[in-house]
Amino acid sequence: MAIQFPCTHCKTILRIEERHIGKQARCPQCQTLNLVVESMQFPENESEQAAPTNPYSADFSATSSTSPRNQQPHRAGLILALGIASLACNFCLIPSILAWILGKQDIRKMDQGIMDSEGRGMTQAGMIMGMVITFLFFLSITVWLLLVIAYAVV
Ligand SMILES: [Zn+2]
């Protein structure tokens, strides 16, 4: 038998099998992890009113985690270090692209509330450094290629 309860964050009605009590269900709407407990059970008549969404569809993860923290720790230090590394080694491409990609992912996770947003400023700084250096790298390649072509023509 299934139990239903509203997401603690966005109030979407989640339908969960009773055997998942004690585990965590990820809300498909806002990605918030909700602890499934028996007392959340709704009366049968009320359960038919709202259209329930199935949290077991795509990216549901049932964990018996003992950690009270649902949020992932931020990686602002790493991303900022990558940004600085790409500056320090004269516009290396690898750390700058990594800083850009990881920074973008993490800021999206912070927006969704699944990552600690304390490091947002540092993450953003590292990401912007990565973006600028990646851009400059390709700009310099383009300029270099144009010069090579120009010399070849002359
Ligand atoms: Zn939700």
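Rules used throughout
Residues numbered from 1 in each chain as written. Predicted model: local features only at pLDDT ≥ 70, side-chain atom pairs only at ≥ 80, totals over all residues. Helix = DSSP H or I, 4+ residues; strand = E, 2+ residues; numbered from the N terminus. Buried ≥ 20, exposed ≤ 12 C-beta atoms within 10 Å, placed from the backbone. Contact = placed C-beta atoms within 7 Å. Expected span 1.5 Å × (residues − 1). Arc of directions from axis to C-beta. Pairing = 2+ DSSP bridges. Axes fitted to C-alpha atoms, helices over the stretch in contact; angles between N-to-C directions. Parallel < 35°, antiparallel > 145°, perpendicular 65-115°, else oblique. Left-handed = near helix turned anticlockwise from the far one by under 90°. Nonpolar A, V, L, I, M, F, W, Y, C, P; charged D, E, K, R; others polar. Core = buried A, V, L, I, M, F, W, Y, C linked by C-beta atoms within 7 Å.

## Looking at the overall build of the protein chain
Within the protein chain one finds 4 helices and 4 strands. Looking at the 154 residues of the protein chain, the share that counts as buried comes to 23%. Contacts in the protein chain between residues far apart in sequence, at least 24 positions, make up 60% of those at least 6 positions apart.

## Describing helix α2 (residues 76-88)
When the terminal C-alpha atoms of α2 are compared, their 18 Å separation across 13 residues agrees well with the 18 Å that a helix rising 1.5 Å per residue should span. Those residues of α2 that sit buried are A76, I79, L80, L82, G83 and S86. In an axial view of α2, the angular spread of the buried residues amounts to 155 degrees, which keeps them on one side of the axis. Those residues of α2 that are exposed and angled more than 90 degrees off the buried face are G77 and A88.

## Details of the pairing of strand β1 (residues 2-6)
Sheet topology places β1 next to strand β2 (residues 13-17); 5 bridges connect them, and they run antiparallel. Residue Q4 lies in a different strand from β2, and its bridge partner there is R15. Linkage of β1 to β2, two consecutive antiparallel strands, is achieved through a turn of 6 residues, within which K11 is found at a positive phi near 65 degrees.

## Let's talk about helix α4 (residues 120-153)
The end-to-end C-alpha distance of α4, which contains 34 residues, comes to 49 Å, matching closely the 50 Å that a straight helix rising 1.5 Å per residue would cover. Those residues of α4 that fall on the buried side of the exposure criterion are T123, G126, M127, M129, G130, I133 and T134.

## Brief notes about the packing of α2 against α4
Between α2 and α4, the least distance of the axes is 8 Å, while the angle of their chain directions is 30 degrees. For the element pair α2 / α4, the angle class is roughly parallel. Where α2 crosses over α4, the two elements pack in a sense that is left-handed. In this structure, α2 contributes A76, G77, I79, L80, L82, G83, S86 and L87 to the contact, and α4 contributes M122, T123, A125, G126, M127, M129, G130 and I133. Class assignment of the residues belonging to the contact of α2 with α4 gives a composition of 10 nonpolar, 6 polar and no charged.

## Description of the nonpolar core
Counting residues in hydrophobic clusters, the biggest one holds 10 residues: A76, I79, L80, L82, L98, A99, W100, M127, M129 and I133. Counting only elements with at least two residues in this core, the list comes to α2, α3 (93-112) and α4. The residues contacting M127, other than those within four sequence positions of it, are I79, A99, W100, G103, K104 and I107. Formed by 7 residues, the second largest nonpolar core is a distinct cluster that contains F5, L14, C27 and V36.

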